[in-house]
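An overview of the molecular structure
Here is how the chains run, residue by residue.
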Amino acid sequence: MNVLLAPDSFKGSLTALRAAETIAAVITRLDPAVRCVLRPQADGGEGTVDAIFRAVGGRLHLTTVHDPLGRPVQARWLQLPDGSALVESAACIGLTLLAGDEHDPRLLRSDGLGMLLRDLAERGYSTVYCGLGGTATNDAGYGLATALGARFQLSIEAPRGVRDALASVRAVEMPHRAAQAITALADVDNPLLGPRGATAVYGPQKGIPEPEIQEWDHAIGHFAAVARRDVRAVDPDAPGMGAAGGLGFALACFAGARIHSGAAFVRRHSGFDDVLAFADLVITGEGRIDAQSTQGKVLTGLRDAAAGRGVPIVAFCGEVVGDVDTLTHDLGLSAIIPITSPDASRANAMREAERLLANAVVRAWPVISAS
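Residues numbered from 1 in each chain as written. Predicted model: local features only at pLDDT ≥ 70, side-chain atom pairs only at ≥ 80, totals over all residues. Heavy atoms only, no water.

The nonpolar side chains of soluble globular proteins are, as a tendency, buried together. L113, L132, F152, F223, F249 and F254 are the most contacted members of the largest nonpolar core, which has 57 residues in total. With 10 residues, helix 9 (residues 243-255) is the single largest residue contributor to this core. Discounting chain neighbours no more than four positions away, the residues touching L113 are V87, S89, C92, I93, C130, L144 and L247. In terms of nonpolar packing, the next biggest core, distinct from the first, is built from 29 residues, I27, L38, I283 and V361 among them. (Core = buried A, V, L, I, M, F, W, Y, C linked by side-chain atoms within 4.5 Å. Buried < 20%, exposed > 50% of the residue type's maximum accessible area, 1.4 Å probe, protein only. Helix = DSSP H or I, 4+ residues; strand = E, 2+ residues; numbered from the N terminus. Contact = heavy atoms within 4.5 Å.)

Right, here's the structure in full:
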């Protein structure tokens, strides 16, 4: 029996690779005749570099840039075998780089990602894939653009934080940059502005109080209007412009980037489809499955690929919100298997995720393998 293990990360507790290794260790202990092939997945956020490096190799590098608060941080990125570069925005400006009391969006900027892209251009990397996801910033790429060389004229001399700076931009001059083809990897289809935009949907989890959402949205709208007039007339309503606090828009406007599905990129470059041709079963997993999971590109992409070859797919998850049978049907899966009980402490479950996942595989494997 050939089992293809392709989990996403259990965010905050298990990386996709560690989840795959945990499942494989249990299965091979229970049934040594089973061949497990690991192809951990990601959507362009954290884990993208690891997933691709494991599958195709390349060379890992560290570059010192700024974290969201302007402190030095070593950002890890991958030189792919074809000479292109793969970076994660979360490695520079990710939420995980901040302590719990540092999530003040007025102080958080995306300069670090711009510094990394500029460094890659100076090194001669003409093709760059930039994963978007897991970022702490909501500056619509103001910091990124500054690091890339943009010069902003402001109507006030000393703006009090990011939002004031965005609202006070009067003009922007973008100097000529070396030719660099950037592909932004993202799987959210949110526009930049409005009720489905970057701030309204993701701002609260980045620390923006609900009463300030509209003010932030207006400030970003003003900034985008000036940038579109002075730099490049991209459409802020296009899908993905609101990714990563507006970095989708910023990369398109200031770097001429195009937006591509991160999950599809990882699925293709990790060799998932090649291994699927010989698989009898696909096992995936992620931290949470709910009604919104039908829009998640990792899970639905794996499901569609597996269904196309008639291969059953089972998903382990940290928690299920909703009726398991209904979600299993709606998502087109063979089974959804929670690793915790409904009344379990979430904090404890995240601390014990590896043990809980292993125990869940032990319980479920006899049924999964027999079906």
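Time to look at the packing of aromatic side chains. The geometry of an aromatic ring pair is captured by two quantities: the separation of the ring centres and the angle between the planes. All chains considered together, the criterion is met by seven aromatic pairs. An angle of 45 degrees between the planes, with centres 5.8 Å apart, marks the rings of F152 and F223 as tilted. In this pair, F152 is assigned in strand 7 (residues 151-154) and F223 in helix 8 (residues 213-230), connecting sequence segments 71 residues apart. Here the two residues F152 and F223 agree in accessibility, since each one is buried. (Phe/Tyr/Trp six-rings, centres within 6.5 Å; stacked < 30°, edge-to-face > 60°.)

On to helix 15 (residues 353-370). In this model, helix 15 (18 residues) spans 26 Å end to end at C-alpha, consistent with the 26 Å of a helix rising 1.5 Å per residue. Turning to helix 15, its buried residues number three or more, namely A353, L356, L357, A358, A360, V361, A364, W365 and I368. The elements touched by buried residues of helix 15 are strand 1 (2-5), helix 1 (16-30), strand 11 (281-289), strand 12 (313-320), strand 13 (335-338) and helix 14 (346-351). (Expected span 1.5 Å × (residues − 1).)

Here we have five strands laid out as an open sheet, ordered 2-1-11-12-13, and parallel in their pairing. For this open sheet the edge positions go to strand 2 (35-38) and strand 13, each flanked by a neighbour on one side alone. Sheet twist, expressed as the average angle between the axes of neighbouring strands with direction ignored, equals 25 degrees. In this sheet, strand 12 lies alongside strand 11 in parallel orientation, the contact comprising seven bridges. Looking at the pairing, V282 lines up with I313 of strand 12. (Pairing = 2+ DSSP bridges. Axes fitted to C-alpha atoms, helices over the stretch in contact; angles between N-to-C directions.)

Residue placement: S261 occurs in the loop between strand 10 (258-260) and helix 10 (262-269). Residue S261 is classed as partly exposed on the basis of its relative accessible area, which comes to 24%. Non-local contacts of S261, meaning those with residues more than four positions away in its chain, are made with L185, A186 and D187. Of note is the side chain of S261, whose polar atom sits 3.1 Å from the backbone nitrogen of A264. (Polar contact = N/O pair within 3.5 Å; in protein donor to acceptor, adjacent residues only side chain to side chain.)

This paragraph deals with unusual backbone geometry. In this structure, A140 is a non-glycine residue whose phi angle is positive, near 55 degrees. Structurally, A140 is set in the loop between strand 6 (127-131) and helix 5 (142-147).

For the coordinates displayed, the defined rule picks out 18 salt bridges. Of the charged contacts, one joins E102 and R71 as a salt bridge, the two residues approaching to 2.9 Å between their closest N and O atoms. A residue pair is termed long-range when its members are at least 10 positions apart, and E102 in the loop between helix 3 (90-93) and helix 4 (111-123) and R71 in the loop between strand 3 (59-66) and strand 4 (72-79) qualify at 31 residues. For R71, a relative accessible area of 31% gives the class partly exposed. The salt bridge involving D104 is made with R106; its shortest N-O contact spans 2.8 Å. For R106, a relative accessible area of 46% translates into the label partly exposed. Via salt bridges that share partners, R18, E21 and E354 belong to a single interconnected network. (Salt bridge = Lys/Arg side-chain N within 4 Å of Asp/Glu carboxyl O.)

None of this, on its own, says anything about what the molecule does.
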